[in-house]
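# Per-entry structural report
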Amino acid sequence: MNYSLYFHIPFCKKRCPYCDFNTNTGKESLIPEYIDGLIEEFRIVSKHISKSSIHSIYFGGGTPSLVPVSEFERLLKAIEKQSLIQEKCEISLEANPESVNLSYLRDLHALGFNRISFGAQSTNATDLARLGRTHTVEETLSAVEFARRAGFTNINLDLINNLPWQDLESWKASLGRAVALAPEHLSVYSLIIEQGTPFYEWHQRGLIAPQDEDLGADMFEFTMDYLEQAGYEHYEISNWAKKDPNKPYRCVHNLQYWMSQPYFGLGAGAHGFVDGSRTENVGPIDSYLQLITGVCKYYGNFPFTPVAVNVHKVDRMTRMKDFMWLALRLVKDGVSLSRFEKEFGLSALQVFQEPIDALVHLELLEWHGGKEINLKLTRRGVMVANQVFMRFI
Ligand code: SF4
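Model, not experiment: these values are computed from the prediction.

Next up on the list: the overall build of the protein. Check the secondary structure of the protein and you find 15 helices and 17 strands. The C-alpha radius of gyration computed for the protein amounts to 21 Å, which stays within 12% of the reference 21 Å derived for 393 residues, consistent with globular compactness. Here the C-alpha coordinates of the protein stretch approximately 60 × 50 × 50 Å along the principal axes. Put simply, the protein has 393 residues, and 53% of those count as buried. Across the protein, every contact between residues at least 6 apart in sequence was considered, and the portion connecting residues at least 24 apart equals 71%. Summed over all atoms, the accessible surface of the protein reaches about 17,900 Å², with 52% contributed by carbon and sulfur. If the 39 positive side-chain charges of the protein are averaged to one point and the 47 negative ones to another, these points end up 5 Å apart.

Moving on to the packing of aromatic side chains. Summed over all chains, the structure comprises 22 aromatic pairs. In this structure, Arg278 packs its charged tip against the face of Phe273, placed 4.3 Å from the ring centre.

In terms of nonpolar packing, the biggest core is built from 96 residues, with Leu5, Ile57, Phe59, Leu105, Phe113 and Phe118 touching the most fellow members. Top contributing element to this core by residue count: helix 1 (residues 31–46), with seven residues. Residues lining this core come from more than one domain, with at least three contributed by each of domain 1 (3–256) and domain 2 (316–390).

What follows concerns the pattern of salt bridges. In this structure the tally under the stated criterion is 21 salt bridges. For Arg148, the salt bridge is made with Glu184, and the minimal N-O distance between the two is 3.1 Å. Residue Arg148 is located in helix 5 (residues 137–150), and its partner Glu184 is located in the loop between helix 6 (168–180) and strand 8 (185–190); the two are separated by 36 residues in the primary sequence. Residues joined by salt bridges that share partners form a network here, namely Asp36, Glu71 and Arg74.

In this section: a negative patch on the surface. On the surface, Asp212, Glu213, Asp214 and Asp218 cluster together into a patch of negative charge. Along the chain, Asp218 turns up in helix 8 (residues 213–229). In this structure Asp218 comes out as partly exposed when scored by relative accessible area, which is 40%.

Here we take up helix 11 (residues 316–328). With 13 residues, helix 11 ought to run about 18 Å at 1.5 Å a step, and its terminal C-alpha atoms sit 18 Å apart, in line with that. Those residues of helix 11 that fall on the buried side of the exposure criterion are Met320, Asp322, Phe323, Met324, Leu326, Ala327 and Leu328. Looking at where helix 11 begins, the residue whose side-chain oxygen comes 3.1 Å from the main-chain nitrogen of Met317 is Asp315.

Attention now goes to the environment of Lys376. One can find Lys376 in strand 17 (residues 374–377). Look at Lys376 and you get buried, because its relative accessible area is 16%. The spacing of Lys376 and Leu328 is 48 residues in sequence and 5.9 Å in space, taken between C-alpha atoms. Setting aside anything within four residues of it in sequence, one finds Lys376 in contact with Leu328, Val331, Lys332, Gly334, Leu364, Leu365, Glu366 and His368.

Note: strands within a sheet are paired through backbone hydrogen bonds, in either parallel or antiparallel orientation. Taken in spatial order, the three strands of this open sheet run 15-17-16, and their pairing is antiparallel. If you trace the sheet from one side to the other, it starts and ends with strand 15 (335–336) and strand 16 (365–368), each paired once. Where helix 13 (residues 348–361) meets the sheet, it contacts strand 16 and strand 17, and its direction lies at approximately 115° from that of strand 16.

Attention now goes to the domain arrangement of the protein. Domain assignment breaks the protein into domain 1 (3–256) and domain 2 (316–390). Between domain 1 and domain 2, the C-alpha centre-to-centre distance is 28 Å. Taking both sides of the interface into account, the surface hidden between domain 1 and domain 2 amounts to around 1,100 Å²; carbon and sulfur atoms contribute 57%. Put simply, domain 1 and domain 2 have four salt bridges between them. Its salt-bridge partner being Arg379, residue Asp225 comes within 3.1 Å of it at the nearest N-O pair. For the pair domain 1 and domain 2, the number of links is six residue pairs in polar contact (both at pLDDT 80 or more). Mapped onto the side of domain 1 that touches domain 2, the elements with two or more residues apiece are helix 8 and strand 9 (232–236).

What counts, and where the lines are drawn
Residues numbered from 1 in each chain as written. Predicted model: local features only at pLDDT ≥ 70, side-chain atom pairs only at ≥ 80, totals over all residues. Heavy atoms only, no water. Helix = DSSP H or I, 4+ residues; strand = E, 2+ residues; numbered from the N terminus. Rg over C-alpha atoms; globule rule 2.2 N^0.38 Å. Buried < 20%, exposed > 50% of the residue type's maximum accessible area, 1.4 Å probe, protein only. Contact = heavy atoms within 4.5 Å. Areas by Shrake-Rupley, 256 points an atom, 1.4 Å probe, with all protein chains shown as cover. Lys, Arg positive; Asp, Glu negative; His and termini not counted. Charge placed at Lys NZ, Arg CZ, Asp CG, Glu CD. Phe/Tyr/Trp six-rings, centres within 6.5 Å; stacked < 30°, edge-to-face > 60°. Lys NZ or Arg CZ within 6 Å of the ring centre and 35° of its normal. Core = buried A, V, L, I, M, F, W, Y, C linked by side-chain atoms within 4.5 Å. Domains from an automatic or database assignment. Salt bridge = Lys/Arg side-chain N within 4 Å of Asp/Glu carboxyl O. Patch = residues over 30% accessible without salt bridge, like charges linked within 9 Å, V, L, I, M, F, W, Y side chains within 5 Å. Expected span 1.5 Å × (residues − 1). Polar contact = N/O pair within 3.5 Å; in protein donor to acceptor, adjacent residues only side chain to side chain. Pairing = 2+ DSSP bridges. Axes fitted to C-alpha atoms, helices over the stretch in contact; angles between N-to-C directions. Buried area = accessible area lost by both parts, 1.4 Å probe.

Laid out in structure tokens, this is it:
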């Protein structure tokens, strides 16, 4: 069994007005103490991880690139000490373009980081300003160049589209400039205006135009066609990997989620899926630090830890449903019937006959493969994927 580790780094220089992630500004002085907490949490959970079984480690945020290399070094050494990491482990860092320079990236690469994901969001200066981002387009270009010079051969760019002020031409140009940087991977998300954010309030007050669903669909269709022609494989609804017969660029870590495989979520507010249970850690940093460094040793059996506030066993039916809709996100591969049967001892057709038949009839799902039969979204299905998933939830 391969495991993945997710470390949440809840620090940012400034909160972007559309963001509802668990992050904090002005608390960077707590970073060393927070890393101590992550090391302690890892020490607790590591007893339940077998040797050489970790094949991906992901630092997400927040802005993980605010953490000094010396702090990552302490944490990675603590992990390596236990001989749990596989030799070819994918180690990814999310980074904001303005927060890195050449020497920082060189040091990270020397430490063993082999994948970097830049929160570029757009290559249009007006978009960045309206999104309240603290970086410029030029800083994204420099960050990618520094990463190349530092030795990174696996770079992702995160982009957001369907911005309320954005038209199709503007998105085409933004995507084109991103592709010109030749990243190995691209993640493209449609903006979601989340409740509780300044964007939501501005939207309610009519200061931000409503998003146009049809335009969003046009952008998505354009993205699929354009990236296909540019040599990228559309392997997950929002993710594209460069096609390369010699090296796979699909994100190992995120595949773990989509393939319903186990991952440990460490840090404030992190979520995990271990031993058939979903786990959630306490969100505020101060509470996390108090609990992880506290004296309480009675927190229940694993996967409970001192910082877990919610641990629940996922019942078999829910696991089957999750398996279906998560695997359907993998637009190239879809649901493997044999993997489903191996996992649950039942045929997916037996359990989900009615929705599968209905969705195949509507040409939203299709069968493919010869020896290995898979069920996947059709192109029409990809366009209305959330409605398809609802039939399995
Ligand atoms: S940098 Fe990322 S995590 Fe931080 S506030 Fe902006 S969107 Fe949120």
